[in-house]
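Each chain is listed here by its residues.
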Amino acid sequence: MKSIRVIRQILALFLILYPALGQSPAPTGQPRALELRDALAWKRIASPAVSPDGKWFAHKLVPNEGDSEVVLRRLEDGKEWRFPAGETAMSATGPMGPGMMAQSEVVFADDSRWLAFPIAPTFRDSQRLKRERQPLQNRVVLIDLESGKKIEFEKIRRFAFSGEQAGWIALQRYGAEPAPGPSTGPASGAASGATSGRTVERATGTDLILHELATGHQLNIGNVADFSFNRQGSWLAWTIDAAEMMGNGIQIRNMATGAVLPLDNDRAVYRGLNWTEKGEALAAVKGFEDKAYTEKVFQLIGVIFTKERLRKLTWNPLEDKTFPAGMTISPNREPTWNDDLSAILFGIHDLKKKKEAAGTKDPKEGGEPGGSMSASASASRTAPEEPAKPDLVLWHWQDQRLQSQQQVEEPRDRNFSYLASYLEKEERFVRLADESLRTITPAPHQRYGIGVDRREYERMGNLDGRRYQDLNIVDLKTGERRLALKKNRYSYGVSPDGTRLLYFDDGHFFSLDLTSGQSTNLTGKIDTTFWDTENDLNVVKPPVPPIGWTSDSEHALLSDGWDVWKVSAKGGSAVNLTVNGRKEKIRYQTRLRLDPDEKGINSAQPIYMRTYGEWTKQAGIARIDPNHTGPHVLRWDDAVYGGMLKAKRAEVYLFARETYNEPPTWYSADNSLANPRKLTESNPQQAQFRWSAGSRLVDYTSAKGEKLQGALYLPANYEPGLSYPTIVYIYEKRSQGLNAYVAPTFSGFNKSIYTSNGYAVFEPDITYKINDPGMSSVWCVLPGLQAAVATGIVNPERVG
């Protein structure tokens, strides 16, 4: 009966809430309540970036609807420049049309002198272009940070600075749009037509502009399909995809001398251009038409750059008897050299045979063997009898995946490939993955791979959510497999040196030696618990996610939900680096990664952690220094801390902070984060609107005796002593958001909209009992609501 009364109270929401929305309008000049048009104009900070020398900061301001802008700030004096950046959906990471620029970042050149970013059509222009079915095309802006000079490049789909030797920027233009008319080709953007009974694929190459930053001189390279600088910026490689495949191939340019060298030429298409991390080798694949198949068959190309010469290999799998029949190299997986340049890893997939021409018959079914009727005769005889194709999706009850999951994962399945390798010196093909071991992930340095076999557990795992797997160690040189773990559920990656796998089982973390296959319990002798004791899902001993491997691969950093532990990869020793987490109920939640190129956590450098007070809801940033136990608390207050950046070549640190009434704001400081300087202002118009007067933390005890908390958000214009209509939001644990900023939107529940319109909002924590979510909510929500009413803020007669 209690639950029925609760349901009635919830349904009464619709009768209770409307009066508050009828508030009298604010007097002229006074803050007013938020409306839909206000929420649409609200902005967020996106793509924050700091220059390598730490002297410049840039970011985008993106509204919920409308045009965004790029903001550039000089850190020395705070001077700021703003540039229009076009419609949100074009310049953010939202939906983008075919051929549009995949990147949207604000990018500094490695020498810190230049800034580049894309500009999309304005909101108004994009709406018009869509109505007229015209292409949406970006342009790119290049800023000289020393002189302030701005250069714009029209119709640019992609751009890149020349790596560490930032003397150039490469800009690839859009191609010519196809003439209007019925589509006869694939929807991939490479439309095709029929010529002499064969498919002719339109060339995808477009102009690539090389702009020399120091002089402004430009070079135009035509028919470029793909391009890539090596990391050092000493070489630029590109593939040519021209009409009729005339001149197709791979070419490279020495960026120091300007010399251009052809690496390969053929009447083929080239895909998957991929440099090694050190930039001393690259790999690609090239594909040829084959009359027997609906798709191209591909060959492998590898090039190694030495001081003396270029060494090139080309491998045609059709000439290799060990290569499986009916398969080809996949263009959907980039080929990759291993670290010692002894082998190239790539994908292979099955080929689809072309269907017999319309009207032909199998000789067994009569008719002339190998013959065919004329097109007109075939059409006249078969067209009337040809039934309409049914538009059905068939699902079998014994499928490993639910039909809905198969639909969602169809693009992934379509592009799937099996891992294989080609050993250069031995001239030997090695198939690594097959139907019995479909997924193999190469470990660092590519000596071993981790093979995942889910066949035995996949169907049940998709039904009950317990996704088990058998893990195999695969020798990437020989293809040899060894079963390492049976029915494993949690694995967390291989150490940076490629020799150990971290995994979790039955409440403990283990290290699996990939050479010997032996496992070592890392946490069995540590006096703490590394599984989440507060997880109320139907899971037995779920792990607290680990923080990661150290860069020397000698230790793993683990979390017990409170503290950070440095644990030997060989077992036996462990150090609590933070000391006070469990004792003072402070959670060291997340490591703030400052080096995007790191290979593991460098424990010889300070480690920055985001922190959170479990019962105070305060938060901050702490630093763990090398060879020191105990944290240095750098920031700690009634706020929420988000991302953190560090300049690549300077001791300049930036962090984001927000409160209930201050949107995420970026600050700069030194490594102590003391005396920070404010860098961003995203929504100065907030002062024009009614905003929540603050928040209150409500402590209470559930009907089952558990200590819980709730977040109570005050309405705008709150006056002490008065009670207010209140909306109760019911969903798991929410009190950790007490100090979080919520930007106004009109999609879904939004407390900023409600508090602006005169409501209080209460979000009580819920802890669930297994198989009883309904009553669990009652046991937690009703005592929480009683405690909120006791504050005097909540009107008990007007609660929804």
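Owing to the predicted nature of the structure, the values given are computational and were not obtained by experimental measurement. Each chain carries its own residue numbering, running from 1 in the direction its sequence is written. Owing to the predicted nature of the model, reporting of local features is limited to residues with pLDDT of at least 70; listing and counting of side-chain atom pairs is limited to 80 or more, with chain, interface and lining totals taken over all residues. Just so you know, side-chain values use all the structure's heavy atoms and leave hydrogens and water out.

Enquirer: Which parts of the structure should I look at to understand the overall build of the chain?
Expert: The secondary structure listing takes helices from DSSP runs of H or I that are at least 4 residues long and strands from runs of E that are at least 2 residues long, numbered from the N terminus. Each helix and strand in the chain was counted, giving 13 helices and 51 strands. Throughout, exposure labels follow a simple rule: accessible area from a 1.4 Å probe, protein chains only, divided by the maximum for the residue type, with under 20% read as buried, over 50% as exposed, and the rest as partly exposed. In the chain, buried positions account for 46% of the 800 residues. The long-range fraction of contacts in the chain, counting pairs at least 24 apart against all pairs at least 6 apart in sequence, stands at 50%. Every accessible area reported is derived by Shrake-Rupley at a probe size of 1.4 Å, with residue values counting cover from the shown protein chains alone. For the chain, the computed accessible surface area is about 40900 Å², with 50% contributed by carbon and sulfur atoms. A contact between two residues is defined here by any heavy atoms of the two lying within 4.5 Å.

Enquirer: Help me understand the packing of aromatic side chains, please; the structure alone is not making it clear to me.
Expert: Aromatic rings in a pair are described by how distant their centres are and how their planes are angled relative to each other. Here a pair means two rings of Phe, Tyr or Trp (six-membered ring of Trp) with centres within 6.5 Å. Their orientation is stacked below 30 degrees between planes, edge-to-face above 60, and tilted elsewhere. Counted by the stated rule, this structure contains 29 aromatic pairs. Between the aromatic rings of Trp 315 and Phe 346, the centroid separation amounts to 5.8 Å while the plane-to-plane angle is 50°, which identifies the pairing as tilted. Separated by 31 residues along the polypeptide, Trp 315 in strand S21 (residues 310-315) and Phe 346 in strand S24 (residues 343-350) bring together distant segments of the chain. Judged on exposure class, the residue Trp 315 and its partner Phe 346 are both buried. Among the aromatic residues, those joined into a cluster by ring pairs are Tyr 490, Tyr 492, Phe 504, Phe 509, Phe 530 and Trp 565. Counted as over-ring charges are cases with an Arg CZ or a Lys NZ within 6 Å of the ring centre that also lie within 35 degrees of the ring normal. Lying over the aromatic face of Phe 227, Arg 158 brings its terminal NZ or CZ to 4.1 Å of the ring centre. A cation over an aromatic ring shows up here: Arg 253 above the ring of Trp 168, its NZ or CZ 5.0 Å from the ring centre.

Enquirer: How do you make sense of the sheet that holds strand S47 (residues 695-701) when you look at a structure like this?
Expert: Through backbone hydrogen bonds, the strands of a sheet pair up, either in parallel or in antiparallel fashion. One open sheet holds the five strands; their spatial order is S47-S48-S50-S49-S51, and the pairing between them is mixed. The outermost strands of the open sheet, each flanked by one partner alone, are S47 and strand S51 (794-799). Ignoring which end each strand starts from, the neighbouring axes of this sheet average 40° apart. Any two strands with at least two DSSP bridges between them are considered paired. Of the strand pairs in this sheet, strand S49 (residues 724-728) and strand S50 (residues 760-764) are connected by three bridges, and their pairing is parallel. Among the inter-strand pairings, Val 728 is bridged to a residue of S50, identified as Phe 762. Sitting on the sheet, helix H13 (residues 773-790) is in contact with S47, strand S48 (707-713), S49, S50 and S51, with an inclination near 125° to S47. To define axes, lines are fitted to C-alpha atoms, for helices over the stretch in contact only, and angles between the resulting N-to-C directions are given on a 0 to 180 degree scale.

Enquirer: Is there a simple way to explain the sheet that holds strand S2 (residues 56-63) in this structure?
Expert: Read across the open sheet, the four strands follow the order S1-S2-S3-S4; overall the sheet is antiparallel. Strands with a single pairing partner mark the edges of an open sheet, and in this sheet they are strand S1 (43-50) and strand S4 (80-87). Across the sheet, the mean angle from the axis of one strand to that of its neighbour is 20°, orientation sign disregarded.

Enquirer: What is the right way to look at the environment of Pro 725 in this model?
Expert: Topologically, Pro 725 is positioned in strand S49. Linking Pro 725 and Asn 795, residues 70 residues apart in sequence, is a C-alpha distance of 5.5 Å.

Enquirer: I keep staring at unusual backbone geometry and nothing clicks. Help me out?
Expert: Excluding glycine, a negative phi dihedral is what most residues carry, and trans is how most peptide bonds are arranged. Positive phi values are uncommon outside glycine, yet Leu 341 reaches one of about 60°. Positionally, Leu 341 belongs in the loop between strand S23 (336-337) and S24.

Enquirer: Please clarify how the pairing of S21 should be interpreted in this entry.
Expert: Taken residue by residue, a regular strand's side chains alternate between the two faces of the sheet. Here strand S20 (residues 297-305) pairs with S21 via six bridges, running antiparallel. Across the sheet, the residue bridging to Ile 304 is Arg 311, located in S21.

Enquirer: Before we go on, may I ask you to explain a nonpolar patch on the surface in this structure?
Expert: Here the term patch refers to residues with relative accessible area over 30% and no salt bridge, with like charges joined within 9 Å and nonpolar side chains (Val, Leu, Ile, Met, Phe, Trp, Tyr) within 5 Å. The salt bridge definition used is simple: a Lys or Arg side-chain nitrogen within 4 Å of an Asp or Glu carboxyl oxygen. A grouping of Trp 395, Leu 402, Met 460 and Leu 463 is seen on the molecular surface, where their side chains present a nonpolar patch of about 420 Å² in accessible area. Examined against the element boundaries, Leu 463 turns out to sit in helix H10 (residues 458-464).

Enquirer: Teacher, can you tell me more about H13 here?
Expert: Side chains of residues three or four places apart in an α-helix project in the same direction, reflecting 3.6 residues per turn. A helix is expected to span 1.5 Å for every residue after the first. Helix length check: H13, at 18 residues, gives a terminal C-alpha distance of 26 Å against a target of 26 Å (1.5 Å per residue), a fit within 8%. A positive backbone phi angle near 85° is found at Gly 792, which sits one or two residues after H13.

Enquirer: So what exactly am I meant to see when it comes to the pattern of salt bridges here?
Expert: What the rule picks out here adds up to 50 salt bridges. For Asp 125, the salt bridge is made with Arg 128, and the minimal N-O distance between the two is 3.9 Å. Of this pair, Asp 125 and Arg 128 both sit in helix H6 (residues 123-131), three residues apart, roughly one helical turn. Relative accessible area serves as the criterion here: at 33%, Arg 128 is assigned to the partly exposed category. Ionic contacts of the salt-bridge type, sharing partners, join the residues Lys 43, Glu 69, Arg 73, Glu 80 and Arg 82 into one network.

Enquirer: What's the story with the pairing of strand S36 (residues 555-559) in this structure? I'm lost.
Expert: Of all five residues making up S36, four are buried, and the element is well covered by its neighbours. Taken together, the two bridges between strand S35 (residues 548-549) and S36 define a ladder with antiparallel strand orientation. Looking at S36, one finds that Gly 548 is bridged to Leu 557. The pairing of S36 with strand S37 (residues 564-568) spans five bridges and is antiparallel.

Enquirer: Which parts of the structure should I look at to understand the confidence of the model for the chain?
Expert: Note that predicted coordinates carrying low pLDDT should not be read in detail. Predictor confidence is given residue by residue as pLDDT, running from a minimum of 0 to a maximum of 100. Residues with a pLDDT of 70 or more make up 87% of the chain, whose mean pLDDT is 87. Between residues 1-22, whose pLDDT stays under 50, and residues either more than four places distant or in other chains, the model counts 19 contacts. In this model, residues 90-103 is a region of pLDDT below 50 whose contacts with residues beyond four sequence positions or in other chains number 38 contacts.

Enquirer: Is there a simple way to think about the side chain of Lys 286 in this case?
Expert: With respect to the helices and strands, Lys 286 occurs in strand S19 (residues 281-288). Not counting residues up to four positions away in its chain, the partners in contact with Lys 286 are Asp 264, Asp 266, Ala 268, Val 269, Tyr 270, Val 297, Phe 298, Gln 299, Ile 301 and Thr 314.

Enquirer: Looking at this model, I keep getting lost on the nonpolar core. Mind explaining?
Expert: In summary, soluble globular proteins display a tendency toward joint burial of nonpolar side chains. Of all hydrophobic cores here, the largest spans 32 residues; its most connected members are Trp 315 and Phe 346. Elements represented by at least two residues in this core include exactly S19, S20, S21, strand S22 (327-329), S24, strand S25 (418-423) and strand S26 (428-431). Residues contacting Trp 315, with those up to four places away along its chain left out, are Gln 299, Leu 300, Asp 320, Phe 323, Ile 329, Phe 346, Tyr 422 and Phe 429. Of all hydrophobic cores here, the second largest spans 19 residues; its members include Phe 762, Ile 766, Ala 787 and Ala 788. Among buried residues, the Ala, Val, Leu, Ile, Met, Phe, Trp, Tyr and Cys ones that are joined through side-chain atoms within 4.5 Å form a nonpolar core.

Enquirer: What am I meant to see in the environment of Lys 541 here?
Expert: On the secondary structure map, Lys 541 appears in the loop between strand S34 (519-521) and S35. Leave out the neighbours within four places in its chain, and Lys 541 touches Phe 504, Asp 506, Gly 507 and Trp 531.

Enquirer: What exactly am I supposed to notice about the environment of Arg 677 here?
Expert: Within the secondary structure layout, Arg 677 lies in strand S46 (residues 677-678). Overall, Arg 677 belongs to the partly exposed group, its relative accessible area being 43%. Expressed as a C-alpha distance, the spacing of Arg 677 and Trp 666, which sit 11 residues apart in the sequence, is 8.5 Å. When sequence neighbours within four positions are dropped, the list of residues in contact with Arg 677 reads Leu 75, Glu 76, Trp 666, Tyr 667 and Ser 668.

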